[in-house]
Each structure stands twice: as C-alpha cells, then as structure tokens.
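Architecture and fold: a report
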Amino acid sequence: MRQRVTAIVVAHSGADLLERTLEAVGRQSRLPDNLVGVDVASVDRSSEVFARSSAAHLVAAPSGSSFGAAVSHALDVAVPPGEPGEWLWLLAHDNVPEPDALAALLGAVEIAPSVAIAGPKLMRIDDPAVIAEFGESMTKLGASVGLVASELDQAQHDVQNDVLGVSASGMLVRRSLWAELGGFDPALGSTDASLDFSVRARLAGHRVIGVPAAKVASAGGPYLFDAPRVSSAKRTTIARAAQLHRRLTYAPLAAVLLHWLSLLPLAIARSIVHLLAKRPGLVGAEFGAALTAAVGIGRVAAARRTLRRTKTLGWSSIEPLRITARAAREQRARKSGTAPRGAVPVALVEPLGFISGGGLWAVVITGLLGLIAFGTLLGSTTVVGGSLVPLADSVSQLWSNVGWGARSIGTGFDGAADPFAALLAVLGSITFWQPSLAIVLLYLVALPLASLSAWFCARRLSERPWLPALAAILWAVAPPFLGSLHTGHLGAAIVHIVLPVFVVLLLGASSSWAASAGAALVFAVIAASAPSTVPVLVLAWVALMVFRPSNAHRVLAIPLPAAVLFAPLVVDQITRGTPLGLLADPGVPSGGGTLSGLQLALGSLTGGSDGWTELLGELSLPSTAGPIVASALLLPLAVLAVLALFVRGSRRAIPALAVALVGYATAVLASRISVTSIADAPVALWSGAGASLYWLGLLGSAIVALDAIGRAATSAALLVGVASVLVAVPLISAVFLGSTTIAPSTDRMLPAFVDAEAQSRPDVGTLVLDPVAGDEISATLERGRGTHLDDQSTLWWTTTDAGAEEVAVATLAGNLVSRSGFDSAAELDRLSIAFVLLATSEGEETDAVTTRAKEALDGNALFVPVGDTAAGSLWRYSGDETASGEQADAQLDRGSRNTESVYGILVLVVQGLVVGLTVLLAIPTGLGRREVADRGRVSDRPATTFERTDDD
C-alpha cells in the first residue's frame, strides 16, 4: 500500500536557503503527497518564496515559535487527520534533500513496520562530502552526544541502523506517533527536542533508525531557531538547561527533589571546571541554565505526565543504545581533534630554549652576584632595616591581618589592611615554620628571579640567542632594583621581579584566558606592592583594550582582583578624607627624599650616583666625580635606546620608550609626594617602582636596537653589558662598603626581657621613647613582641589628626620624661603598659633630651630599671606586677581579628572568591594529543552547526 507523506517545511528568515530547499523537495524521485509551508515571523522574503512554491498550504506561526511548535501549529491549522499510515517529513528552511532522500526513507520504514521514526544522514551544506550529523545518543547522566559529526563520508557509518535518536532535520515520523507523544516537548525548544522525542518513542515501544542512503544537506537545521547569532554562552545556557530539564523529567520520582537541590552545587562545580579549562564565558551560562531549570519545575511536571502516559517499556530497553561517558569524551576529542578540510599550515617560529638561549647562564651569573650582594644573610632567619621588620611568628597571625578588622599598630583601631598584607601572608606561608625566613630567601634569590623573568620577556623581542641573556643580566643588576633591596623596600623589589612577567602576560591576554587571568594576578601584586604604579597599570590596560578591541572581553577584568583587594582600603581612606593616602608605600615609612632629575635618570634612589660617590671616597678619589662616572657608564645604554627609533623594527621601540617615559615621570612625581610622616617629618614616596618601569623601557628599546643593527650588535652589546654591570658594582658591594641599610637579625624587635614577657602576655604594652633632633621625643606604643611587617598599616601612617588614644600616649610620654604631678600610674594601667624603652641616642643633638629622660625615669618610683640593652635603656612599671588577671586578659590576642565582624567576613569571602577564581583561570592546561598534532593549523571556514558539549 502506498504510504501517504506530508512534507512540512518550516522557515525562519532564511529565504535564500528556502528556495534551494523547496526546489529540492520538488525534484524528489518520490514526491510528497502534501507540502505545507510554515513561516515563523520571518523578516525577509520567506513568505514570498513560499507563495511562489507548490506548497498546498502556507501557515504563519507565532513569533518565537520553536521548530516543533511550528510543526504542531501547522498540523492543527492546515492538515486535518488523514489515513492511519500517514507520515510526516520535517524540514527546516536550510535542509536541502538529495533527489532520492524521501524514497530512501520510505523504503527503510516500509520493510520494518516497527520503525516509527527515520532520520537521514545530514551533510554539511557548504561541503557535501562531510557528515554534519548522523544519529544521537546520550550518556548515563543525560548529556546529549552526536554519534557522528564533522567526518568525511566514506561509507564508514552506513552499517549503522538502530539509534537512540535522530535530528529533527529531515526526520520522517508517523503522524499517529506525533499525536500520541504530543510532538516535541515545548520546554526544549529546538535544542535536544528531537532526541527527547526519539527517547519517548523508544519507551512507547517503537524503533528509531538512521538511513544512511538518505542524505539531506544542513546548515544547522532546527538549531537555527534558537537564535544562531547569539553568543556561545547563550547557546550553552540553552543546551545545558535542556539537559537539566530532561534529567528532571526522566529521573524517578523519589530522585527529582535530589536533582533539583543539586542544581546550584553542580553549577558551581562545573563553573570551576570551566575556569580550569579556560572557558570563563560559560560560567554565567551554567548558573543561567541552573536557574532556568529550577524555576521550570511546572514544565517538568507536564513533561513527566506526558512521559508517564505514553511509556510502555522500561529504561532498560534503551540502555544498549546509550553511550558511556568515556566513549562520549572520546567522541568529542575526535571531533575537536579532526583537522578541518582546507586547513593550511602556519609557520611557527621555534622559541629560544632556556639553555640554548643563554637563560641558564644568566640565572647562574646573577645568582653568584646575588650571593656577593646579600651573602651575609645566609644562616639568618630575619632581615631588618629601612622599611623591613620581621614578619609575625605564625602563619595564622599573618592571615589574620588580611582583609578588614582590628589593627594592632600603635594604640590600635579597626580598619582595612593593606593589600600588601595578603602578599606577605602568601610569602610567609612558604616557610610556614619560620615566616620571616621567606623574606631572607627572597633576598638570596632576588637577582636570579629577576633575570629569569627578564629572559622570558626579552626573548619575545629578539631571535638572537644571546640578547635575552644580556637583557636578563642587566635587568637583575639594575640600580633601582639593587637600591630598593638595600633600603628594605620589599614592595618595589617585588615589582621589579614581576614586571617582565606582567608584560608577557599582558601581551598574551587578548588571545588567552590563562594569560589574562595571570596578568590580573600580577597586576594585583604590582598594585599591592607599589600603589604609586596603579595609574601606569591602568593606562597600560586601557591602551591594550584600545589597540586590540576585538578581544577586549578577555582584557576587561584584568584590574578586578586588585580592585577587590583595594576596595576596603579605598572606602576607609576616602571616608577619612585622605584619598592620597592610597598611594602610600606599604611597610615602615622610609622614603628616599626629593631626588633630582639626573639622579633618577641614573637610577639612583638614595641620592648620590648609584654608590659611585661613596666608592670613590673609599678609594681616596674625588667623590664629586661620582655622577660623571655613573653617567659615562650608562651612556651606551641610553644611546642604544634612542637609536632604536631609527632602525628596522622601530615600531617595537616606541611602546618601550613610552614605558620608560611614563616610568620616569612616575619616579619623579613619587619623590615629590609625601603622604606619611615620622615624628612630624614628611616621608616622600619611594621612587623605586617607577624607576624600574623606566629601566624596563630603556632595556626593551636597547634590545630592539641591538637586534636590528646587524654585525655591529656584538661589539655594541659587549660595551653596553660591561658598562651597565660596572655601574652596579658599588651597589653589589654595598655590604662591604657599609652603605646598605639592611642587616641580618633575629625575629626579636624588643629587648629580650620584654620578648620573654610577651610570650605569656601577647598584648603586653611597651612605651618606646625615641629622642629626635632638638628638644623633642617620639613616643610609640608597641604590643606584645612588637609591630611586625604584616601589622603595618598605611591607614595608620597616613593619619593627619591624632586621635584621643594617641594624644593620651603623647601626654603620658611627655610627663614621664620630665618631673610633673601627672598621675602616670592610672594611664599606665589603662593602657596596660608594663615597660618603657628609651631608644639609644644617635648624635649629639639628642644627648640633652636623652639625659633628661633617663634622669626622670630613674627618679620615678613607678619604674624599676632593668638595664641597658642593644635597643636602649629599659624600665619596668612596678605597678604591673599587681595588675589584676582580669585586666591582663582584657587585651585580646587578635588571632582572628578579621573574622570578628560581619563586614570583615564579607570582605574575606569576596576577596577570596575573586582571587581564587582568578587563580583557577590562570592555571595553564596542557594540550591534548590531537591538539598537539594539529598545532599550527587553522581553519579558513567558519563553523555552521551548533556544537553541543554539555556534559557532567
């Protein structure tokens, strides 16, 4: 008996392809008995194309209708129920069937009465030799998988027959089954709708087959109805929501609630996987899909009722047709690893090897120079001097200083921590048994670390094997770097080490999510270590987005981790009316004073001329010649940097010189801005970080010049290398010349007697009196073992108005160093002060005030002399021995001070979440075997099918 076939062609703004489809339907060797055209609110001339065709009926479907909804609408409106054996042939406007496609489909179902659905082999419309899709299945967890996709058709799959599902494109389905199952699930739209329909047909006792002899060209088929021009994230949301809907529909009733409750946790877990796989754009898609599935429980209930009504077989009946998770992964790997037709090879420049490119030798040489410069630190546990003091005794104390909470510096206050505290916590955690040891180790490896980062950066500028090694050595012995190390400015030294890494990551950020996340982390490190560089960092970020706008979405969030870390501090500084305090250097204030333009041009941060003034004086030579010697030695580097503007490749030198100019301006401005003070003496910002930027630009431009001048490069490089290393000789040997500020030490900051007492009383108070010039004395209140580096706070050091507690301490100190009738005991008890330390006098100008202070303290019956110590003269408050235990316990050990308030906890959670996700995204992932094999090949053809990769 002849089978009656109604062909239904659904169009959605696809007039050009629609004409080809209708012509192909009219050329079928077995013509359909009825042709129905369905226009889904097309905005082109699709309706006109339908009008000129042989379609018996033309139906207008409501706007936004999915493919399945459009078919159901056409059947309800234009096609009355026909003979019991009627078939429906479903086509989208882009499905162009070959002349014998319908005949092959009908031939397959006529010999197999149990078959209710037959699907053709879908071919790529732009390349008919490649299979676009043929058969569908799903994993145990419901992830849909195309059995065949993007493979050259060599009849290798023609033995395939029974499948779990077929695509809606070109599907031949019994009309009675369509009515029985209620058509496609309205909740699925077009994505996974045909797979779900096929599964329900299987469970209703019918077979689903693929017919390899029937071929239909496709450019996306029903998937075009899910807005093909939206972002991949949106399409992923649709696909993932469809999978979750099917999971809730298919699950046993007892497991539905469990699946519904797991939607959010599963979205979080899959988001972490997306971050590790460098797909951050899909994180929002995961949560969007979870939310869609969670609020669509009504549609799930309707789908479950339909399934329960039509289901006659158990799930075990389709088990053999499911695909294992492992097979699904292999299928996707084969799909992603197949080189597309027309791919062309790309010539890749083999990067310089670390050993063959001289990187190893540069690290070894700078490592030896580092031992010369800082070898005296070997064996010590702490380095102090300048801006450096020891770190806290334990890792828990380090991390308690992160975020927002109680600060123990001075008289104490509640406020935001410096972002640098988080970096110190990370460093101290490396040597968790002795946190301060991490700073010592950093000093010992600082030079080789700097050379290593510079080598990886410089090899992007030159293919010559020795130029990156030269740049690495010169970067490691740069005067700004050595000057920051010798003065204890740890933040500026860290900036110098990571700057080349930041350049490499920033240049790769527009093409790699991992590089973008890495750049964001290094951005945060630089900003936390030297806040004065933030304007330059922001300028570089904006420039990258302007010059590479097509990939701005990868670069947009680079400042986010730094912004989150600084946010609490920004709020506190602005609220307090001291916004310029955000520029303050972390650590103990110790500036270099106002420097001249020439000194900064030479890289000298402490005055003089990179140590040459002192060195010439030690050699009994005219010290006034220091600036001349330093200038002469740096002249070759300056000449090469300028020469880079006039040689081949000068375009690469322009950004480098721009960095040098901006860095120099930053250094000059820093030396002229004071936001902190010590004993009313203003302390200028440290210029080291800006000078490092300046040096980075000079070296980068010089490397460009050396790479371009040909044969003369060898002699020029030798001259520059020798001269630049000679400039650093006084700084490398500063420890022998006695011109360094830092020194090895123990982790004790107060006299041993006080330190021992602090072991049992962590918040015991020590009033430190420090004579200054004239008739003045500086008073500082120390708690416990002293104020550690991680306790330092720019909020404290940039305070412009003294609070009540500071006034009380100053008043107490003034009365203690002079005879008066002030009731000192009451204040000593209230502030829990047990010791008074008079620091060692330095210079004759402080002898008078020191003598008067000693006489006053010795004559005060409240104090018992302990004796002279290395830090100064020490007295103990006699009333402290009778202090009550309750009063002693009133001073809390603030081991968890950043979690004592809701705001503090919220700050920690937000900062930890943002930084943690950035770290996950920055972790590099290796290439698969097929990706490695195909590395260097690109496709010259855009994808035209919707790729589903929704798995668990």
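Just so you know, the residues in each chain are numbered from 1, in the order the chain's sequence is written. Only residues with pLDDT of at least 70 are given local features in this predicted model, and only at 80 or more are side-chain atom pairs given and counted; all residues enter the totals for whole chains, interfaces and linings. As a rule here, side-chain values come from all non-hydrogen atoms in the structure, and water together with hydrogens is ignored.

Details of the overall build of the chain
Our working rule: The numbering of helices and of strands both runs from the N terminus, where a helix is a DSSP run of H or I of at least 4 residues and a strand a run of E of at least 2. Classification of residues uses two cut-offs on accessible area relative to the type maximum, computed with a 1.4 Å probe and protein chains only: under 20% is buried, over 50% is exposed, and between them is partly exposed. Contact definition: two residues touch when any of their heavy atoms are within 4.5 Å.
A tally of regular secondary structure across the chain gives 39 helices and 25 strands. In the chain, buried positions account for 53% of the 952 residues. Pairs at least 24 residues apart make up 76% of the contacts formed inside the chain by residues separated by at least 6 positions.

Points about the packing of aromatic side chains
The condition is simple: Centres within 6.5 Å make a pair out of two Phe, Tyr or Trp rings, where for Trp the six-membered ring is used; the pair is then stacked when the planes are under 30 degrees apart, edge-to-face when over 60, and tilted otherwise.
Throughout the structure, instances matching the rule amount to 14 aromatic pairs. Taking 6.2 Å as the distance between ring centres and 55° as the angle between the ring planes, the aromatic pair formed by F863 and Y877 counts as tilted. Linking F863 in strand 23 (residues 863-869) with Y877 in strand 24 (residues 872-877), this pair joins segments that are 14 residues apart in sequence. Here F863 and Y877 have matching classes, each one buried.

Overview of the pattern of salt bridges
Counted only if it meets this: By definition here, a salt bridge exists when the distance from a side-chain nitrogen of Lys or Arg to a carboxyl oxygen of Asp or Glu is within 4 Å.
Considering all chains together, one arrives at 18 salt bridges under this definition. With a closest N to O distance of 3.5 Å, R652 and D707 form a salt bridge. Placement of the pair is R652 in helix 27 (residues 650-670) and D707 in helix 28 (residues 688-708), with a sequence separation of 55 residues. Looking at D707, the relative accessible area reads 13%, which means it is buried. Residue E757 pairs with R761 through a salt bridge whose shortest N-O separation is 3.5 Å. In this structure, a network of salt bridges that share partners links the residues D16, E19, R45 and R52.

Some thoughts on the packing of helix 9 (residues 263-276) against helix 10 (residues 283-295)
Let me state the cut-off plainly: Working convention: axes come from line fits to C-alpha atoms, limited for helices to the stretch in contact. Angles between N-to-C directions cover 0 to 180 degrees. Roughly parallel refers to an angle under 35 degrees, roughly antiparallel to one over 145, roughly perpendicular to one between 65 and 115, and oblique to any angle outside these ranges. If you view the pair so one helix is near and one far, a crossing is left-handed when the near helix is turned anticlockwise from the far one by less than a right angle, and right-handed when it is turned clockwise. All residues other than Ala, Val, Leu, Ile, Met, Phe, Trp, Tyr, Cys, Pro, Asp, Glu, Lys and Arg, Gly among them, are scored as polar; the first ten of these are nonpolar and the last four charged.
Interaxial distance between helix 9 and helix 10 falls to 8 Å at its minimum, and their mutual angle equals 165°. Here helix 9 is positioned roughly antiparallel relative to helix 10, judged by the angle of their axes. The interaxial crossing formed by helix 9 with helix 10 has right-handed handedness. Between helix 9, through L263, L264, A267, I268, R270, S271, H274 and L275, and helix 10, the contact on the second element is made entirely by V283, E286, F287, A290, A293 and A294. For the contact of helix 9 with helix 10, the residue count by class is 10 nonpolar, 2 polar and 2 charged.

A closer look at unusual backbone geometry
With a phi close to 50°, S13 is a non-glycine residue in the positive phi region. Summarising the element assignment, S13 is placed in the loop between strand 1 (5-11) and helix 1 (15-26). Exposure remark for S13: the relative accessible area of 29% places this residue in the partly exposed category.

What about empty space enclosed by the protein?
Rules: Cavity: a set of points on a 1 Å grid over the protein atoms alone where a 1.4 Å probe fits but cannot get out. Pocket: an open set with protein on both sides within 12 Å along at least five of seven lines, its lining residues, like those of a cavity, having an atom within 4 Å of a point. Grid points are joined across faces, edges and corners, and a volume is the space filled by probe spheres set on the points.
A full pass over the atoms with the stated rule returns 9 cavities of 30 Å³ or more. In this model, the second largest cavity occupies a volume close to 130 Å³. Forming the walls of the second largest cavity are 18 residues, and the residues nearest its centre are H489, G491, A492, S529 and P586. In terms of residues, the lining of the second largest cavity owes the most to one element, helix 19 (residues 490-508), which gives 3 residues. Of the residues belonging to the lining of the second largest cavity, the class tally is 9 nonpolar, 8 polar and 1 charged.

What about helix 26 (residues 626-643)?
Going by this rule: Here the expected length of a helix is defined as 1.5 Å per residue gap, with one fewer gap than residues.
End to end, helix 26 covers 26 Å across 18 residues, agreeing with the expected 26 Å (1.5 Å per residue, within 8%). Looking at the buried residues of helix 26, the elements they touch are helix 25 (612-618), helix 27, helix 28 and helix 29 (713-727).

Here we look at the nonpolar core
Keep this limit in mind: Buried Ala, Val, Leu, Ile, Met, Phe, Trp, Tyr and Cys residues that are joined via side-chain atoms within 4.5 Å together make up what is termed a nonpolar core.
Y443, F481, L490, I558 and W695 are the most contacted members of the largest nonpolar core, which totals 115 residues. Filtering out sequence-adjacent residues up to four positions away, I558 remains in contact with L506, A509, S516, A519, A520, F523 and W541. Counting residues in each nonpolar core, the second largest holds 35 residues, with V59, A70, V79 and L88 among its members.

Re a nonpolar patch on the surface
Threshold: Surface patches are drawn from residues lacking salt bridges whose relative accessible area is over 30%; two like charges belong together within 9 Å, two nonpolar side chains (Val, Leu, Ile, Met, Phe, Trp, Tyr) within 5 Å. Exposure was quantified through the Shrake-Rupley algorithm and a 1.4 Å probe, taking into account, for residues, occlusion by the shown protein chains and nothing else.
Taken together, the side chains of I355, L360, W361, V364, I365, L368, L371 and L378 define a hydrophobic patch exposed on the protein surface, amounting to about 800 Å² of accessible area. Considering the arrangement of structural elements, one finds V364 in helix 13 (residues 359-374).

Quick look at the sheet that holds strand 22 (residues 833-839)
Note the threshold: Should DSSP find at least two bridges between two strands, the strands are taken to pair.
Reading across from one edge, 21-20-22-24-23 is the order of the 5 strands in this open sheet, with mixed pairing throughout. Because the sheet does not close on itself, it has two edges, and the strands there are strand 21 (776-783) and strand 23. Direction aside, neighbouring strands of the sheet carry axes that sit 20° apart on average. Inspection of the sheet shows strand 20 (residues 765-772) paired to strand 22 by 5 bridges, in the parallel sense. Across the sheet, residue V768 finds its bridge partner in strand 22, namely L837. Contacting strand 20, strand 21, strand 22 and strand 23, helix 34 (residues 804-816) runs over the sheet at an angle of about 65° to strand 20.

Details of the confidence of the model for the chain
Rule in force here: pLDDT expresses how confident the predictor is about each individual residue, on a scale running from 0 to 100.
In this model, the chain carries a mean pLDDT of 83, and residues with pLDDT of at least 70 account for 89%. Of the regions scoring below 50 in pLDDT, residues 882-895 engages in 15 contacts with residues more than four places distant in sequence or in other chains. With pLDDT under 50 throughout, residues 927-952 is counted as low confidence; its partners more than four residues away or in other chains account for 62 contacts.

Some words on the environment of A813
Structurally, the position occupied by A813 is in helix 34. What makes A813 buried here is its relative accessible area of 2%. As for A813 and S824, which are separated by 11 residues in sequence, their C-alpha atoms are 9.2 Å apart. Every residue in contact with A813, bar those within four places of it in the chain, is listed here: L767, L769 and A779.

So, the pairing of strand 23
Alignment of strand 23 against strand 24, held across 6 bridges, turns out to be antiparallel. Opposite D868, over in strand 24, you have S873 as the bridge partner. Between strand 23 and strand 24, which pair antiparallel one after the other, the connecting turn spans 2 residues.

Things to note about the side chain of T918
The topology assignment puts T918 in helix 38 (residues 902-922). We classify T918 as buried; its relative accessible area is 12%. The residues contacting T918, other than those within four sequence positions of it, are A517, A520, L521 and P561.

Examining the environment of L447
With respect to the element layout, L447 can be found in helix 16 (residues 437-458). Judged by relative accessible area, which is 0%, L447 ranks as buried. Along the primary structure L447 and V363 are separated by 84 residues, whereas in three dimensions their C-alpha atoms are 8.0 Å apart. In contact with L447, not counting residues within four places along its chain, are T366, L369, G370, F374, A476, F481, L482 and L485.

Description of the environment of K234
Secondary-structure assignment places K234 in helix 7 (residues 232-250). It is 8.8 Å that separates the C-alpha atoms of K234 and G288, two residues lying 54 residues apart in sequence.

Some remarks on the packing of helix 26 against helix 28
Think of two packed helices as two axes; the pair is described by the angle between the axes and how far apart they sit. For the pair helix 26 and helix 28, the least separation of the axes is 7 Å and the interaxial angle reads 70°. By the criterion of interaxial angle, the relationship of helix 26 to helix 28 is roughly perpendicular. Seen from above, helix 26 lies across helix 28 with left-handed handedness. Along its contact with helix 26, which presents L634, L637, L640 and A641, the element helix 28 presents W695, L698, L699, S701, A702, A705 and L706. Tallied by class, residues from the contact of helix 26 with helix 28 come to 10 nonpolar, 1 polar and no charged.

Notes on the side chain of T6
Stated formally: Think of a polar contact as two N or O atoms within 3.5 Å of one another; within protein, one of them needs to be a possible hydrogen donor and the other a possible acceptor, and neighboring residues in sequence only count if both atoms come from side chains.
Inspection of the secondary structure puts T6 in strand 1. At 2.6 Å, the side chain of T6 and the side chain of E86 are in polar contact. Apart from the residues within four sequence positions on either side, T6 is in contact with N34, V36, V79, E86, W87, L88 and W89.

Quick notes on helix 13
Between its terminal C-alpha atoms helix 13 stretches 22 Å, which fits the 22 Å expected from 16 residues at 1.5 Å a residue. Burial in helix 13 covers these residues: G359, A362, T366, G367, L369, G370, A373 and F374. Contacts made by the buried residues of helix 13 are with helix 16, helix 17 (467-476), helix 18 (479-486), helix 30 (729-732) and helix 31 (734-737).

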